[in-house]
Amino acid sequence: MDHALLETLKTWRRHLHAHPELSLKESATAAFVQEKLTELGIPFTAGIGGHGVVATLKRGNSDRSVGLRADMDALPILEANDLPYVSTNKGVMHACGHDGHTTSLLGAAALLARDESWSGTVHLLFQPSEENGAGARAMIADGLFERFPMERVFGFHNWPGLEAGTVAVHHGPVMAEPGRFRITLQGTAGHAAKPDLTRDPIVAMSHLIVALQTIVARNVDPLDSAVVSVGMVHGGQAPNQIPSSVTIDGTFRTYRPAVRDRVIGSLKRIANSTAEAFEMRAEIEIITGGRATANTELEEEISVAAAKQAGLTVRRDVPPSTASEDFCHFMADRPGAYVWIGNGPVTDGGELHNERYNFNDDILPATAGWMASAARLALEGELSNTRPAR
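Reference entry: report on the structure contained in this document. Note that the structure is predicted; figures quoted are calculated from it, not measured. Residue numbers restart at each chain and count upward from 1, following the sequence in its written direction. With the structure being a predicted model, the display of local features is reserved for residues of pLDDT at least 70 and the display and counting of side-chain atom pairs for 80 or more, all residues being used for whole-chain, interface and lining totals. No hydrogens and no water enter the side-chain calculation; it runs on all heavy atoms of the structure.

A look at the packing of helix α3 (residues 98-113) against helix α11 (residues 364-379)
Phase 1 of the analysis: Where α3 meets α11, the axes come as close as 8 Å, and the angle between the chain directions of the two elements is 55°. The angle between α3 and α11 places the two elements in the oblique class. Considering only the axes of α3 and α11, their crossing is right-handed. Counting all contacts with α3, which are made through G100, T103, S104, L105, G107, A108, L111 and L112, the residues of α11 involved are L364, T367, A368, G369, M371, A372, A375 and R376.
Phase 2 of the analysis: Classification convention: Asp, Glu, Lys, Arg as charged; Ala, Val, Leu, Ile, Met, Phe, Trp, Tyr, Cys, Pro as nonpolar; all other residues, Gly among them, as polar. In the contact of α3 with α11, the residues fall into 9 nonpolar, 6 polar and 1 charged. Axes here mean lines fitted to C-alpha atoms, for a helix over just the part in contact, with angles spanning 0 to 180 degrees between N-to-C directions. Starting at the N terminus, helices and strands are each numbered in turn, a helix being any DSSP run of H or I of at least four residues and a strand any DSSP run of E of at least two. Orientation is classified from the angle alone, with under 35 degrees giving roughly parallel, over 145 giving roughly antiparallel, 65 to 115 giving roughly perpendicular, and any other angle giving oblique. Crossing handedness is read from the near helix: turned anticlockwise from the far helix by less than a right angle, it gives a left-handed crossing, and turned clockwise, a right-handed one. In what follows, residue pairs with any heavy atoms lying within 4.5 Å of each other are defined as contacts.

Regarding the environment of T188
Phase 1 of the analysis: Along the polypeptide, T188 turns up in the loop between β8 (177-186) and β9 (190-191).
Phase 2 of the analysis: Three exposure classes are used, based on accessible area relative to the maximum for each residue type with a 1.4 Å probe and protein chains only: buried under 20%, partly exposed in between, and exposed over 50%. Its relative accessible area of 39% is what places T188 among the partly exposed residues.
Phase 3 of the analysis: T188 sits 11 residues away from R199 along the chain, and the two C-alpha atoms are 4.7 Å apart.
Phase 4 of the analysis: Discounting chain neighbours no more than four positions away, the residues touching T188 are L197, T198, R199, I242, P243 and S244.

Here we look at the sheet that holds strand β13 (residues 281-288)
Think of a sheet as strands paired side by side through backbone hydrogen bonds, with each pair either parallel or antiparallel.
Phase 1 of the analysis: If DSSP finds at least two bridges between two strands, the strands pair. Sheet architecture is open: 4 strands sit in the order β10-β12-β8-β13, paired in antiparallel fashion. Of all strands in the sheet, those bounded by a partner on one side alone are β10 (226-235) and β13. For this sheet, the mean angle separating the axes of adjacent strands, direction not counted, is 15°.
Phase 2 of the analysis: The strands touched by helix α6 (residues 201-212) within the sheet are β8, β10 and β12 (245-254), with β12 carrying the most contacts at an inclination of about 10°.
Phase 3 of the analysis: Packing against the sheet, helix α8 (residues 257-277) makes contact with β8, β10, β12 and β13, and its axis sits at approximately 165° to β13.

Looking at the packing of aromatic side chains
Phase 1 of the analysis: Geometry of aromatic contacts follows a simple scheme: Phe, Tyr and Trp rings, the Trp one being its six-membered ring, pair when their centres are within 6.5 Å, and the pair is stacked under 30 degrees between planes, edge-to-face over 60, tilted otherwise. Tallying each qualifying case throughout the model produces 5 aromatic pairs.
Phase 2 of the analysis: Ring centres of F145 and F330 lie 6.4 Å apart, and the angle between their planes is 90°; this geometry places the pair in the edge-to-face category. Linking F145 in helix α5 (residues 144-147) with F330 in helix α10 (residues 330-333), this pair joins segments that are 185 residues apart in sequence.
Phase 3 of the analysis: Overall, the relative accessible area of 5% leaves F145 in the buried class.
Phase 4 of the analysis: Measuring from centroid to centroid gives 5.0 Å for F327 and Y338, while their planes differ by 35°, and the two rings are tilted. In this pair, F327 sits in the loop between β15 (314-315) and α10 while Y338 sits in strand β16 (residues 336-344), placing the two residues 11 residues apart along the sequence. Accessibility assignment for this pair places F327 and Y338 in one class, buried.
Phase 5 of the analysis: Through a chain of ring-to-ring contacts, the aromatic side chains of F145, F327, F330 and Y338 assemble into a single cluster.

Structure representation (structure tokens):
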């Protein structure tokens with residue numbers, strides 16, 4: 001990547017960082033992407049699955065096709081960084097690096113547009129609403145794969161703590177399947193001075209929260225991985241009243257459907273049994289994320305080859321994460337791969353989803369370069385023809 005393009009990408013990334021937008025509200029971000037695609041002379045279609053944008057590059061006579069994806073939305077976090085391009089949208093922040101992802105895909109578009117060595121079709125997917133888990137499914141429901149046929153799809157996430165510009169490629173699972181649960185215990189309200197006349201859901205929920213910790217420790221095979229965490233507790237209106245109900249909200253993460261089903265079964269059993277033991281009723285709501293993000297074999301190898309072609313270091317020994325990604329929904333329809341590209345050392349607590357996180361502009365040549373290389377290699381016949389796309 002030449003110096004002029006890198007400086008342009010840095011400017012674009014910092015603009016996006018200063019103007020973050022939440023899931024379902026990415027209108028200005030989508031407009032910015034469309035403006036830059038127009039400057040690059042790349043045609044696009046807007047309004048795919050909400051604020052999604054799909055740009056298309058075609059060259060030569062090949063009928064090969066590939067998709068490259070980047071997410072655009074930010075998080076409801078108050079930024080604590082002291083930067084000249086700090087968020088101007090108070091309480092909203094690009095704390096996960098989607099500003100860098102979007103800029104990287106624009107950079108890959110610029111690299112591919114000026115490169116005449118490849119032949120085929122590259123679709124550039126600028127996806128909204130990743131953080132709420134709805135964007136990929138919305139684009140697919142809006143006819144993404146029918147309107148923009150592609151044989152396979154690739155994406156990446158920046159990864160703090162991994163050496164800057166290093167590409168981590170996993171064999172199989174990369175990130176976990178997410179799930180959410182809400183459990184309400186319905187008791188009997190009354191005066192806190194007469195607890196014998198009530199059925200206290202606060203005490204019962206305290207037992208339930210502790211019991212839920214046994215799911216991973218005592219219900220999941222130690223050779224498997226799972227997470228069950230309670231993130232919110234809601235109950236009570238006054239210090240001298242025992243409320244009629246208490247609600248908890250939480251998340252679970254798994255890599256395999258069998259483990260997911262085991263976790264869900266345990267959540268229901270423990271909630272119902274606890275409610276029965278304390279003479280009350282449990283209301284249980286469970287939402288699953290559909291699937292884990294797991295690389296398919298050929299696309300995994302293309303990802304490794306793309307990193308090497310771009311002159312980047314490859315790591316194959318990084319364990320998967322129990323965080324989740326809705327990129328998995330694209331791979332439910334098409335084979336694909338999702339890699340991590342190192343953001344460099346973590347400073348001032350700047351992990352993902354932290355108020356001090358900041359995307360490292362110095363990795364833009366690596367991120368844009370890897371995406372462009374992945375597209376070129378996916379379009380080469382000797383790789384693409386080894387296995388038909390799903």
